[in-house]
Amino acid sequence: MLTILDKYILKRYLSTFSVMILMFIPIGITIDISEKVNKMIENHVPFSAIAQYYLDFTIYFANLLFPIFLFLSIIWFTSQLANKTEIIAILSSGISFTRFLRPYIIGATFVSIFALLMGFFLVPKASEGFKNFRYMYLIGNGQNEMRDNSDVYRQVNKDEYIYVSNYNSVSKMAFNFSMEKFEKDKLKYKVTATRIKWNPKDSSYTLFSYTKRKVGALGDIIESAEKKDTILKFDLEDLTPVVYIAETLPYNKLIKFIEKERLRGSTNINVYLVVLYKKYSIPISAFILTIIAVAVSSMKRRGGMGINLAIGILLAFAYVFLDKVFGVLAEKSTYPPIIAVWFPNFVFGILAIFLLRNAKR
């Protein structure tokens, strides 16, 4: 049973966290609009597309900065309790510090479940919409950034490789397509096209400016056509750039996709595993960051809330920094992804235990 004290702290926990998100997201949207409004006007972007983009942006932005929002909100309202000597009164009444933590842990449970469900279902959909908008409507820096990272060269089965220079997931069209077929390390044939378009009705592809070169012992055979409809032995998501393909897949599809890529011997498997493991590590971080925030801000300091907030901001950005550094390390090297993703939680978990023991004293 929750006591009046538990309900009081739990209400402050959830309400402050919600207000923190609602306060910072409009700031993020305002900054983003100021950067992109000229491009949107130039490209005559419809209002419905803009509205959907900023709905996706809200989910994407909230998930990205989730640890910072949570940490600062707990620091904020717990420091208020400490400055008003409410925590001293609570502990002086005979309640242990561990018991005092119970409503915080309950609040962290609610937040972690919400973050877990978002990571499984809402964030992939929002990430896809966020990236698609950049592809469809943004010119200049935004589009160039995507193009710099959108080249796809992938092994689709034992002997076949595909390449595209750019893929538009909205129009289901890729550009500068090529497919190479090998037999015993020798090129058997190569198919090229300036564009390739997916046809969902019959699961076929249309190749524009199609050319097929068959390599023979006595000479090559060249077949060409302005347009050719055909069935190809790879999935549509194989054309999606590595930079964000895993981010756009819901949990069940991500598991299947990783297994398929593992069987293919994909060199990008670490990128996909980092996305998968973060779906679990971020919700768990809610408990670790909650304990650290309470331990740091439960003491009344001479500098007031400012000192607690300064410490909180420093620790929050240190967590995000470690998370990003080790995430990139796992993606770009042979470093085990599961260790890289969970390392920040491990380090801050030890810090949480140390601060909690000192706070109890």
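Here, every reference points to the structure presented above.
Calculation rules
- Residues numbered from 1 in each chain as written.
- Predicted model: local features only at pLDDT ≥ 70, side-chain atom pairs only at ≥ 80, totals over all residues.
- Heavy atoms only, no water.
- Axes fitted to C-alpha atoms, helices over the stretch in contact; angles between N-to-C directions.
- Helix = DSSP H or I, 4+ residues; strand = E, 2+ residues; numbered from the N terminus.
- Parallel < 35°, antiparallel > 145°, perpendicular 65-115°, else oblique.
- Left-handed = near helix turned anticlockwise from the far one by under 90°.
- Contact = heavy atoms within 4.5 Å.
- Salt bridge = Lys/Arg side-chain N within 4 Å of Asp/Glu carboxyl O.
- Buried < 20%, exposed > 50% of the residue type's maximum accessible area, 1.4 Å probe, protein only.
- Expected span 1.5 Å × (residues − 1).
- Pairing = 2+ DSSP bridges.
- Phe/Tyr/Trp six-rings, centres within 6.5 Å; stacked < 30°, edge-to-face > 60°.
- Lys NZ or Arg CZ within 6 Å of the ring centre and 35° of its normal.

**Q** Explain the packing of helix α9 (residues 269-297) against helix α10 (residues 305-332) to me, and be specific about the residues and the numbers.
**A** Look at α9 against α10: their axes get within 11 Å of each other, and the N-to-C directions meet at 165 degrees. Relative to α10, α9 is oriented roughly antiparallel. Remark: the crossing between α9 and α10 carries right-handed chirality. Across the interface between the two elements, N270, V271, V274, K278, S281, S285, L289, I292, V296 and S297 from α9 touch N308, I311, L315, Y319, D323, G327, A330 and E331 from α10.

**Q** So what's going on with the pattern of salt bridges? Residues and values would help.
**A** A side chain of one charge can pair with a side chain of the opposite charge if their charged atoms are brought near each other. Counting across every chain of the model gives seven salt bridges. In this structure, the salt-bridge partner of D6 is R99, at a minimum N-O distance of 2.8 Å. Note that D6 is positioned in helix α1 (residues 4-42) and R99 in helix α5 (residues 97-100), a separation of 93 residues in sequence. What makes R99 partly exposed here is its relative accessible area of 26%. The salt bridge involving K190 is made with E180; its shortest N-O contact spans 3.8 Å. Highlighted residues: K190 in strand β5 (residues 186-199) and E180 in strand β4 (residues 173-183), separated in sequence by ten residues. Its relative accessible area of 31% is what places K190 among the partly exposed residues. Residue E180 is classed as buried on the basis of its relative accessible area of 17%. Through salt bridges that share partners, D6, R99 and R102 make up one connected network.

**Q** Let's hear about the environment of L239: which residues, and what values?
**A** Checked against the element boundaries, L239 lands in the loop between β7 (221-230) and α8 (251-264). Here L239 falls in the buried class, since its relative accessible area comes to 2%. A sequence separation of 87 residues divides L239 from V152, and the C-alpha atoms of the two residues are 6.6 Å apart. Other than its neighbours up to four places away in sequence, L239 contacts V152, R154, I162, V164, Y167, A174, Y205 and F234.

**Q** Can you lay out α10 for me, pointing to particular residues and giving the numbers?
**A** The terminal C-alpha atoms of α10, which comprises 28 residues, lie 40 Å apart, in line with the 40 Å expected from a rise of 1.5 Å per residue. Buried residues of α10: M305, N308, G312, L315, A316, Y319, V320, L322, D323, F326, G327 and A330, and no others.

**Q** Now, about the pairing of β5: what can you tell me, with residues and values included?
**A** Two elements, β4 and β5, share ten bridges in a ladder whose sense is antiparallel. When the bridges of β5 are listed, E183 appears paired with K186. Linking β4 to β5, which pair antiparallel, is a turn of two residues; within it K184 sits at a positive phi near 55 degrees. With nine bridges joining them, β5 and strand β6 (residues 204-214) adopt antiparallel strand pairing.

**Q** Break down the packing of aromatic side chains for me, with residues and values.
**A** Any two aromatic rings considered together are summarised by their centre-to-centre distance and by the angle between their planes. Within this structure, the stated rule accounts for 29 aromatic pairs. Between Y60 and F130 the ring centres are 4.5 Å apart and the planes differ by 15 degrees, which places this aromatic pair in the stacked class. Taken together, the residues Y60 in helix α2 (residues 47-64) and F130 in helix α6 (residues 102-137) connect sequence positions 70 residues apart. Arranged with centres 5.8 Å apart and planes meeting at 90 degrees, the rings of Y161 and F182 form a pair that is edge-to-face. A residue pair is termed long-range when its members are at least 10 positions apart, and Y161 in strand β2 (residues 160-164) and F182 in strand β4 qualify at 21 residues. Classification of F182 as partly exposed rests on a relative accessible area of 22%. A cation sits over an aromatic face here: R195 above F208, 4.0 Å from the ring centre.

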